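So you can see what is in the structure, the chains are spelled out below.
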Amino acid sequence: MTAASGEQPLAGDRKVRMPSCLLKLTRVVLSHKPCALFTLIFVFIALAYQKLYWGIGEDPKSSVPTSGLSAERSCAHYVPSALDMAGGPSPSTGNVFFVETSEQTAPSYLFSCSVESAARTHPASRVVVLMKGLAKENGSLPRHWAFSLLSCFPNVEILPLDLTELFSGTPLAQWFLQPQRQQEPHFLHVLSDACRIVLMWKFGGIYLDTDFIVLKNLQNLTNALGIQGDSVLNGAFLSFEAKHKFIEICMQDFVQNYNGWAWGHQGPELLTRVFKKWCSVGTIKSMSCKGVSALAQEVVYPIPWQDWEQLFEAVSALELQKLLKNTYAVHIWNKLSHRTKLEIPSQALLAQLYSQFCPATYAKMKQDSEELSRRAV
């Protein structure tokens, strides 16, 4: 504070003397001295540089960031208090996990929205984002707007994903070390299926795919997974206590009945066949047995994958409220929907979800959309 206070009068003194210097130089030019014009231009440039220098020195926070959002300026605007985020503190402090098994380090709008919405609805929980691509970043996050935005949330942690360490001590350790696995057509998806069940086994908490938008706190949905439709379970959402027997059986089944060439065999189909054996049933409906719950479709998969285009259709606020009355999170089915353009702003169901449940990401989307419109003119 002392140094800053000392600099400002100095800058002010220089401004007072500037007119006198310019007046003298002007008189020289008017007296027809040949080199004076060059001298005058040089002094103008020097004064402009000096002004820029002192302007930066007076207020470091006023500089424009070169990438992403300014932490000093954006965080206070985008991140409310814990009580504002979720209507009260979370009933539990269990972790919420997201995983990126590719080398991708440039999160999409949907990725950012998933993490932001989880952070807002779980203010007392650690929201842990594990990314394989960060292993090469030497402990620093890449310069990207999404990392700047998400770093504003005090409960969000973005960390490298060490797969060897994650799978160690589990039945999946040897499976992962087999190099031929990486040649399989669905390896990244299978790897994601493996990560989520191991995370649930080792640490417990909540796992979410990065194409979810979270509407409510999920902590009271313990030892649960959701029905996606047609008596099939989906692992895009999992919530389990650490070392749960059901997850242990899932890990064993993952290795014993492995088939990386069939889409879904290590994911939804695995969870479905394990649950059927666990409950000794042939058909899965909204039910609970032996401490594990299969949640009704509306809880986390209110839009069936076959109807994913509904996400881009306009709905009224009343229709949206009715649709999501008993819903905790909405799966966006990114594998199917990612190529569809979303108009921002609009009354599309997905646009309204962005606006309400990840407003910081939505603001960035709107800003980018407006910038593109200006460039197109």
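The rules we used
- All residue numbers refer to positions counted from 1 along the written sequence of the respective chain.
- Local features are withheld for residues below a pLDDT of 70 in this predicted model, meaning they are given only at 70 or higher, and side-chain atom pairs are given and counted only at 80 or more; totals for whole chains, interfaces and linings count all residues.
- Only heavy atoms go into the side-chain values, all of them from the structure, while hydrogens and water stay out.
- Put simply, DSSP marks the helices as runs of H or I at least four residues long and the strands as runs of E at least two long, and each gets a number from the N terminus on.
- Any residue under 20% of the maximum accessible area for its type is buried, any over 50% is exposed, and the rest in between are partly exposed; the area is computed with a 1.4 Å probe on protein chains only.
- Residues count as neighbours in contact if any of their non-hydrogen atoms are within 4.5 Å of one another.
- What sets the accessible areas is the Shrake-Rupley method with a 1.4 Å probe; for residues, cover comes only from the shown protein chains.
- In this description, a nonpolar core means a group of buried Ala, Val, Leu, Ile, Met, Phe, Trp, Tyr and Cys residues linked to one another through side-chain atoms lying within 4.5 Å.
- Helices are assigned an expected span. That span is 1.5 Å times one less than the residue count.
- Two cysteine sulfur atoms form a disulfide, by the criterion used here, when they sit within 2.5 Å.
- Strand pairing is assigned whenever DSSP detects at least two bridges linking the two strands.
- Working convention: axes come from line fits to C-alpha atoms, limited for helices to the stretch in contact. Angles between N-to-C directions cover 0 to 180 degrees.
- Put simply, the grid is 1 Å and covers the protein atoms alone, a cavity is a trapped set of points that fit a 1.4 Å probe, a pocket is an open set with protein on both sides within 12 Å along at least five of seven lines, and lining residues have an atom within 4 Å of a point.
- Grid points are joined across faces, edges and corners, and a volume is the space filled by probe spheres set on the points.
- When residue character is reported, Ala, Val, Leu, Ile, Met, Phe, Trp, Tyr, Cys and Pro are called nonpolar, Asp, Glu, Lys and Arg charged, and the others, Gly included, polar.

### With respect to the overall build of the protein chain
So, point 1. Counting its regular elements, the protein chain contains 16 helices and ten strands.
So, point 2. A total of 377 residues make up the protein chain; the buried ones form 47% of that total.
So, point 3. Taking as baseline every contact in the protein chain between residues at least 6 positions apart, the subset at least 24 positions apart corresponds to 76%.
So, point 4. Element-wise, carbon and sulfur atoms account for 57% of the exposed surface of the protein chain, whose accessible area totals about 20000 Å².

### Describing the nonpolar core
So, point 1. Counting 60 residues, the largest nonpolar core has Leu208, Ile213, Phe237, Leu342, Leu353 and Tyr354 as the members making the most contacts within it.
So, point 2. The contacts of Leu342, once residues within four sequence positions are left out, are Phe312, Ala348, Leu350, Ala351, Tyr354 and Met365.
So, point 3. Core analysis: the second largest hydrophobic core is formed by 44 residues, Ile197, Tyr207, Met251 and Tyr258 among them.

### Some words on helix 9 (residues 187–202)
So, point 1. Compared with an ideal rise of 1.5 Å per residue, which puts 16 residues at 22 Å, helix 9 spans 22 Å between its outermost C-alpha atoms and is within 8% of the ideal.
So, point 2. Counting buried positions along helix 9 yields 13 of 16 residues, so the element is predominantly enclosed.
So, point 3. Once helix 9 finishes, Gly204 follows within two positions and takes phi at roughly 70°, a positive value.

### Some thoughts on the state of the cysteines
Each disulfide consists of one covalent bond between the sulfur atoms belonging to two cysteines.
So, point 1. Summed over all chains, the structure comprises two disulfides.
So, point 2. Across a sulfur-sulfur distance of 2.1 Å, Cys113 and Cys358 are joined as a disulfide pair. On the sign convention where negative is left-handed, the bridge of Cys113 and Cys358, at about -85° about the S-S bond, is left-handed. Of this pair, Cys113 sits in helix 5 (residues 109–121) while Cys358 sits in the loop between helix 15 (349–357) and helix 16 (359–376), and the two are 245 residues apart along the sequence. Exposure class is identical for Cys113 and Cys358. Each is buried.
So, point 3. A disulfide bridge connects Cys279 with Cys289, and the sulfur atoms are separated by 1.6 Å. For the disulfide bridge between Cys279 and Cys289, the dihedral angle about the S-S bond is near -55°, and by the sign convention the bridge is left-handed. Note that Cys279 is positioned in helix 11 (residues 268–279) and Cys289 in strand 8 (residues 287–289), a separation of ten residues in sequence. Assigned by exposure class, Cys279 and Cys289 land together as buried.

### With respect to the sheet that holds strand 4 (residues 205–208)
Working definition: the strands of a sheet are paired by backbone hydrogen bonds and lie parallel or antiparallel to each other.
So, point 1. Read across the sheet, eight strands follow the order 3-2-1-4-7-6-9-8 without closing on themselves; strand pairing throughout is mixed. The open sheet has two edge strands with one neighbour each: strand 3 (156–160) and strand 8. Here the average twist between neighbouring strands, direction ignored, is 25°.
So, point 2. Bridge count between strand 6 (residues 224–229) and strand 7 (residues 232–240): five bridges; the pairing is antiparallel. Bridge pairing in strand 7 links Leu225 to Leu238.
So, point 3. Relative to strand 7, helix 9 is tilted by about 40°, and along the sheet it contacts strand 1 (96–100), strand 2 (127–131), strand 4 and strand 7.

### Some words on the layout of surface pockets
So, point 1. Size it by volume and the second largest pocket reaches roughly 220 Å³.
So, point 2. Leu130, Glu165, Leu166, Leu199 and Phe203 are the residues nearest the centre of the second largest pocket, which is lined by 14 residues in total.
So, point 3. Elements that contribute at least two residues to the lining of the second largest pocket include exactly strand 2, strand 3, helix 7 (163–167) and helix 9.
So, point 4. Tallied by class, residues from the lining of the second largest pocket come to nine nonpolar, one polar and four charged.

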